[in-house]
2 protein chains.
Amino acid sequence: MDPDLSALDEYLDETDTDGYLLDADSEDSDQYYLSGFDAPDPFITLYDGETHLLFPRSLEFGRAKRESRAESVQRYVDFDHAELVDEYGPEEAVSYVLAAFLSSYDVDSVAVPPRFPLKTADGLRARGVSVTADTDGVVTEIRATKTDEEVDHVRAAQRANEAAMAAAEDLLADATVDDDGTLTHDGETLTSERVKEEIEVTLLRHGCSLDETIVACGADAADPHDRGSGPLTADEPIIVDIFPQDKSTKYHADMTRTVCKGTPSDTVEEWYDLTERAMDAAFDALEPGATGEDVHAAVCDVYEDAGHPTLRSDDRTETGFIHSTGHGVGLDVHELPRLSPNGGDLEPGHVVTIEPGLYDPEVGGIRIEDIAVVTEDGYENLTEYEKRLVV
Amino acid sequence: MDPDLSALDEYLDETDTDGYLLDADSEDSDQYYLSGFDAPDPFITLYDGETHLLFPRSLEFGRAKRESRAESVQRYVDFDHAELVDEYGPEEAVSYVLAAFLSSYDVDSVAVPPRFPLKTADGLRARGVSVTADTDGVVTEIRATKTDEEVDHVRAAQRANEAAMAAAEDLLADATVDDDGTLTHDGETLTSERVKEEIEVTLLRHGCSLDETIVACGADAADPHDRGSGPLTADEPIIVDIFPQDKSTKYHADMTRTVCKGTPSDTVEEWYDLTERAMDAAFDALEPGATGEDVHAAVCDVYEDAGHPTLRSDDRTETGFIHSTGHGVGLDVHELPRLSPNGGDLEPGHVVTIEPGLYDPEVGGIRIEDIAVVTEDGYENLTEYEKRLVV
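Residues numbered from 1 in each chain as written. Chains lettered and ligands numbered in written order. Predicted model: local features only at pLDDT ≥ 70, side-chain atom pairs only at ≥ 80, totals over all residues. Heavy atoms only, no water.

The name that an unreviewed UniProt entry assigns to chain A is Peptidase M24, with the source organism given as Haloarcula pellucida.

The following block contains the structure:
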């Protein structure tokens, strides 16, 4: 993919900066996006209208020349690294190499992302290079707007996600309920871990990997970041949140369903219906011209009108609606734009989750999450998976 | 686990620094080690003899109080965040919150790891806090020496690794060879991707996850970082490099075998024998008191004596022995110590790989890798998996 970097050109122009600099491995999505290169160890990317890569060692050199989208690929050894180590020691030598690399492109000033490594920045400053951390990361901002090809990558990952969700629901549907309410499957207690294993194996079989999955039941589910553990029980809401990454494209999908084996309490049913209404309200607000803040406010309105606390009504609450409404999804599972109190303008090509939820250790947790792309006249929901509370 | 942080106390004492500061999510192993807390979004850890955590939002607050090893857990809201946003805007407010947090512990100067985020550092400096990037990261250095419990975690991950390697070798052993030399299994062409899927499903079933696996055949294998793709062929060396992470403990293992279905060439057989000899030489050198540089030199000697280029004999070579001899393994799959030209003193409790190899696009690649722990009187090889070239 050849990214549209015109916004980066404008940024460098407006800020009167010679280049944009990254020092990261390709787990850093800005690095992967700007360099077009996948490598497990940190390397340098300079963008000054063209893209230039610099590697500490020769190891990635040949592959970078073949695979990256850079105009030039160089190594420390091309900038007299060994001589500089003799003169300044291994630590300081690196800053001389980087300064010489920048100087070879007439770059005296660079902008860098907010999480750029301090040691590299201080080293360059000591060599007289001006280094400024930009606010949100201009490359991160560029990545928020997806091409059709990128949306198709998310769509493909979402199909795998749905196969995994179906595998999880099948396990729960096939389970039986013990006298004490514990779920049993194939003669064994059905645990969060067992359901996660089924999800993850299904994702692998569909070309996806993932870092974590959430299968959280009862009080576990009242904490939105608890991954869940141990036996699953009947009549309790179980949050299943799956966010796989397609191994070949590196794009993510994201979906949550809350399901119950047996009979949910009246409160859980009420929360579920309310959360579906909050989701509808969010989608009604999702269009170009609206802000992420508008979409988040629509969800807060629904919950607050029904008497639930939100972080908007009480910034210290630990129950109620205690996270933001959604986030961008792409090379990172959490990226721009934000659907939150400080969420900015929405634009066609933004891929976002809509994921309202309610939490209370006394009740458990409810969350429902779809993924959608903002279009010229509204949005397209990329999720093709039904919502049902009882399995 | 309660880490031994006496070396961090000494470091702060010697450098006359009030505290050590981290700003990272728990994918950053220093953060996970020092905070004892697992969270997907960045948070702040301050160590000043005790450990203090600071979270932007309330989301992780309750779980951090329950699960982390910190003496105190606080949120931005505890430092008048909303008022500071009104006064200074959302960007600058964060630096005021962090400065107030540090000030509440009488911390005016902090040391930070080399890859600490520049924006956070510049923000603190603007508030009058002294921020210094240390060289290798003192917490990273502390992590290099493992407790018995940590070694057991690596050992457990290595058992899963060996189950996955056996599954891969079984696939290759069961394959048949087509007329054109392509391997076939169960009526389908056997590809790198298919073998990797088998490896990864086996790891998941054993409680491990992983980012990447290498199954590289022929010319692919001549690049040590090429993950491999497409059909596998007979009579060619296939490098299988597996480095899983135990999901519950987060510790890694690492092992490589090079295997051949059919009849390897005389050159491949010769390289394989030479690489086994290089490995033996490395293990002969592996003991406390020796340096990582000594162990690496032992491998270079074997290869150079046999007429192969190494990066020691030619720092621009792209064939021969073109990487270092090994690296530490723990919470990160690549961590300290280094078994390389600048590798320092080896100490009991260091867990390292020994992984000599030879590469040439004309021949392919050979690499053999075991994982071992340095002991008081030498080392213990944690690998219980045979080495055989022909499957």
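Before going further, it helps to examine the UniProt feature "domain: Creatinase N-terminal" (unreviewed entry) in chain A. In the UniProt entry, the feature "domain: Creatinase N-terminal" (unreviewed entry) is given for residues 6–144 of chain A. In this annotation, residues 6–144 of chain A is assigned 45% helix and 20% strand; the end-to-end C-alpha distance for the span is 14 Å. (UniProt positions renumbered as here; feature names shortened; annotations may be inferred. Helix = DSSP H or I, 4+ residues; strand = E, 2+ residues; numbered from the N terminus.)

The subject of this paragraph is the domain arrangement of chain A. All names here are of chain A. When the domains of chain A are assigned, the result is domain 1 (6–143) and domain 2 (145–381). When each unit is reduced to the centre of its C-alpha atoms, the spacing between domain 1 and domain 2 is 37 Å. Between domain 1 and domain 2, the contact holds 9 residues from the first and 9 residues from the second. A buried area of about 860 Å², summed over both sides, lies between domain 1 and domain 2, and 43% of it is on carbon and sulfur atoms. Between Lys-250 and Asp-38 there is a salt bridge, and its shortest N-O distance comes to 3.1 Å. Where domain 1 touches domain 2, the interface holds 7 residue pairs in polar contact (both at pLDDT 80 or more). Of the residues assigned to the side of domain 1 that touches domain 2, the class counts are 3 nonpolar, 2 polar and 4 charged. (Domains from an automatic or database assignment. Contact = heavy atoms within 4.5 Å. Buried area = accessible area lost by both parts, 1.4 Å probe. Salt bridge = Lys/Arg side-chain N within 4 Å of Asp/Glu carboxyl O. Polar contact = N/O pair within 3.5 Å; in protein donor to acceptor, adjacent residues only side chain to side chain. Nonpolar A, V, L, I, M, F, W, Y, C, P; charged D, E, K, R; others polar.)

A few words on the UniProt feature "domain: Peptidase M24" (unreviewed entry) in chain A. Under the local residue numbering, the UniProt record ascribes the feature "domain: Peptidase M24" (unreviewed entry) to residues 153–376 of chain A. Secondary structure content for residues 153–376 of chain A is 31% helix and 24% strand, and the end C-alpha separation is 20 Å.

Attention shifts here to the relation of the copies chain A and chain B. For the pair chain A and chain B, the relating rotation is 180°, the translation along its axis is 0.0 Å, and the fit reaches an RMSD of 0.0 Å. Put plainly, the chains are arranged around a two-fold axis. Taking C-alpha positions as the reference, the residue of chain A nearest the rotation axis is Leu-118 of chain A, at 2.3 Å. When the interface residues of chain A are mapped onto chain B, 100% of them are again interface residues, pointing to one common binding face. (Least-squares fit on C-alpha atoms with pLDDT ≥ 70 in both.)

What follows is about the pairing of strand E14 (residues 255–260) of chain B. Within E14 of chain B, 6 of the 6 residues are buried, leaving the element largely enclosed by the surrounding structure. Alternating positions in E14 of chain B separate into two faces, Met-255, Arg-257 and Val-259 of chain B on one and Thr-256, Thr-258 and Cys-260 of chain B on the other, with burial throughout. (Buried < 20%, exposed > 50% of the residue type's maximum accessible area, 1.4 Å probe, protein only.)

All names here are of chain B. The antiparallel open sheet is built from 3 strands, whose spatial order is E7-E8-E9. Two strands lie at the open edges of the sheet, namely strand E7 (176–177) and strand E9 (188–189), each paired on one side alone. Alignment of E7 against strand E8 (residues 183–185), held across 2 bridges, turns out to be antiparallel. Within E8, the residue paired with Thr-176 across the bridge is Thr-184. (Pairing = 2+ DSSP bridges.)

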